Amino acid sequence: MKKSFEISSGLKGAVLAVGLVLGCSHAYAQGVQTGPAVKVITAGKKSVANINDIDGVVEAVMQSTLSSQIAGRVLSLNVKAGDRVKAGQVLATIDDRETQTGVLRSQAQLQQSDAELRQLQIALKRTQDLKTQGFVSSAALDLAEAQYKAAKAGRDSAGAATDQAKVTQSFSKVTAPYDAWVLETSAQAGDLALPGKPLMTVYAPQPLRVVMQWPASEKNNLPKLQDIQIQMGAEAIKPVAMQVMPNADGVSQTIGIKLDLPRTGVALQAAPGMQVRVRTTGTSQAKGLVPASAILRRGEITAVYVAQENGFAMKLVRIGANHGSAGVEIWAGLKEGELIAVDAIQAGMKGAHVAR
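Structural notes, computed from the coordinates. Each chain has its residues counted from 1, following the order in which its sequence is written. Local features in this predicted model are restricted to residues whose pLDDT is 70 or higher, and side-chain atom pairs enter the listing and the counts only when it is 80 or higher, whereas totals over whole chains, interfaces and linings include all residues. Just so you know, side-chain values use all the structure's heavy atoms and leave hydrogens and water out.

## Details of the overall build of the chain
1) Next: Segments assigned H or I by DSSP are reported as helices when at least four residues long, segments assigned E as strands when at least two residues long, and all are numbered from the N terminus. Scanning the chain from terminus to terminus reveals four helices and 24 strands.
2) Next: Looking at the 356 residues of the chain, the share that counts as buried comes to 31%.
3) Next: A fraction of 72% describes how many contacts in the chain between residues 6 or more apart in sequence connect residues 24 or more apart.
4) Next: Of the roughly 22,000 Å² that the chain leaves accessible, carbon and sulfur atoms contribute 53%. Accessible area is worked out with a 1.4 Å probe on protein chains only. A residue is then buried under 20% of its type maximum, exposed over 50%, and partly exposed in between. Residues count as neighbours in contact if any of their non-hydrogen atoms are within 4.5 Å of one another. All accessible areas in this document rest on Shrake-Rupley with a 1.4 Å probe, and a residue is counted as covered only by the protein chains that are shown.

Here it is in structure tokens:
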């Protein structure tokens, strides 16, 4: 009895399985679809403004490469990259023994000129008195006056040489030209400093600007200030001023455009050397657009789902600029009139079908 019961149970399971298969086949035959219903749109063109995205680099408006104005050994370098400095702060000192010698020599010459001037001043006074008494001629007085004037000019020249020597001696201290940050240092203590040889580079934290390169072939279609946005992270910044370079680069065949950043908001977080995207808007033109949610990105693959009779098929596309709420440009891969899934994630699920 037990054996026959087991056989009957097996038959019942087989019959049940067959019934489920027949039921599923019947449901499929009746058009019952269990996957998500996905909305679709018709591929077509829409009039939107032309958008160009160009790489730009943030740079400081005030940036200076500092070097010594005299030759000598670097005795000390008082700052490093990343330090903040104040205007007039001593950044480096140069061996000034030679310039000190020049100051002492010029001071000695000044003292000698002072002594000669005093002696000739006395001689001139004596000659004037003798001329009044009639003991000397007018020629002797003229000679005394000429000698005194020459000595006075020599004394002035020696004084100027002393001042110049003191100024040259002050060049032994390299100071900050303005409140700044040290971008980089190019020398160390003990190096030989020469006029024109960089010691360090400093920049003022504000104001900043973005430099972009515009194709020289499009010189007649330069963007206007009001049509430019600078993408910094998720934020869009409007530049406050624009400067177009008058010449084109002979190698890259581009024209430099400088865009001044505002001193407010997210622009304060920018730093020299940072790369940003500069978006320019031009005249309107009909373009093929799809919603951003319709685009599937998987590694190097960019695709959309196109409606078919039995679901959706993935189709590779080449995309262009993102126009925000208007959609993303499709440059290649679609035909006008094709039905595109609005949600690429749902369209890729098993059993996905077009929403009725």
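## Examining the sheet that holds strand 9 (residues 180–185)
1) Next: Here we have four strands laid out as an open sheet, ordered 4-11-9-6, and antiparallel in their pairing. The open sheet terminates on both sides in strands that have one partner only, identified here as strand 4 (63–67) and strand 6 (84–85).
2) Next: Between any two strands, pairing holds if DSSP finds at least two bridges. Relative to strand 11 (residues 198–203), strand 9 is paired through four bridges, and the arrangement is antiparallel. By the bridge assignment for strand 11, Trp181 is matched with Tyr203.

## So, the sheet that holds strand 10 (residues 192–193)
1) Next: What the four strands build is an open sheet, ordered 8-7-5-10; its pairing is antiparallel. Unpaired on one side and paired on the other, strand 8 (173–175) and strand 10 mark the two borders of the sheet.

## A look at the pairing of strand 19 (residues 301–308)
1) Next: Buried residues dominate strand 19, accounting for six of its eight residues.
2) Next: Bridge count between strand 19 and strand 20 (residues 311–316): six bridges; the pairing is antiparallel. Note that in strand 20 the partner of Ala307 across the bridge is Phe312.
3) Next: Joining the antiparallel neighbours strand 19 and strand 20 is a turn of two residues.

## Some remarks on the pattern of salt bridges
Side-chain pairs of opposite charge can arise whenever the charged atoms involved come near each other.
1) Next: Basic side-chain nitrogens of Lys or Arg form a salt bridge, by our definition, when they fall within 4 Å of a carboxyl oxygen of Asp or Glu. Considering all chains together, one arrives at nine salt bridges under this definition.
2) Next: Residues Asp129 and Lys125 are paired through a salt bridge, measuring 3.2 Å at the closest nitrogen-oxygen approach. Placement of both Asp129 and Lys125 in helix 2 (residues 97–133) is noted, with a separation of four residues, approximately one turn of the helix.
3) Next: Residue Asp129 is classed as partly exposed on the basis of its relative accessible area, which comes to 34%.

## A few points about helix 2
1) Next: Multiplying 1.5 Å by the residue count of a helix minus one yields the expected span of that helix. Over its 37 residues, helix 2 runs 55 Å from end to end, which matches the ideal 54 Å to within 8%, given 1.5 Å per residue.
2) Next: Taken together, the buried positions of helix 2 are occupied by Thr99, Gly102, Val103, Ser106, Leu110, Ser113, Asp114, Leu117, Leu124 and Thr127.
3) Next: At the exit of helix 2 stands Gly134, carrying a positive phi of roughly 85 degrees.

Shape descriptors only; they carry no functional weight alone.
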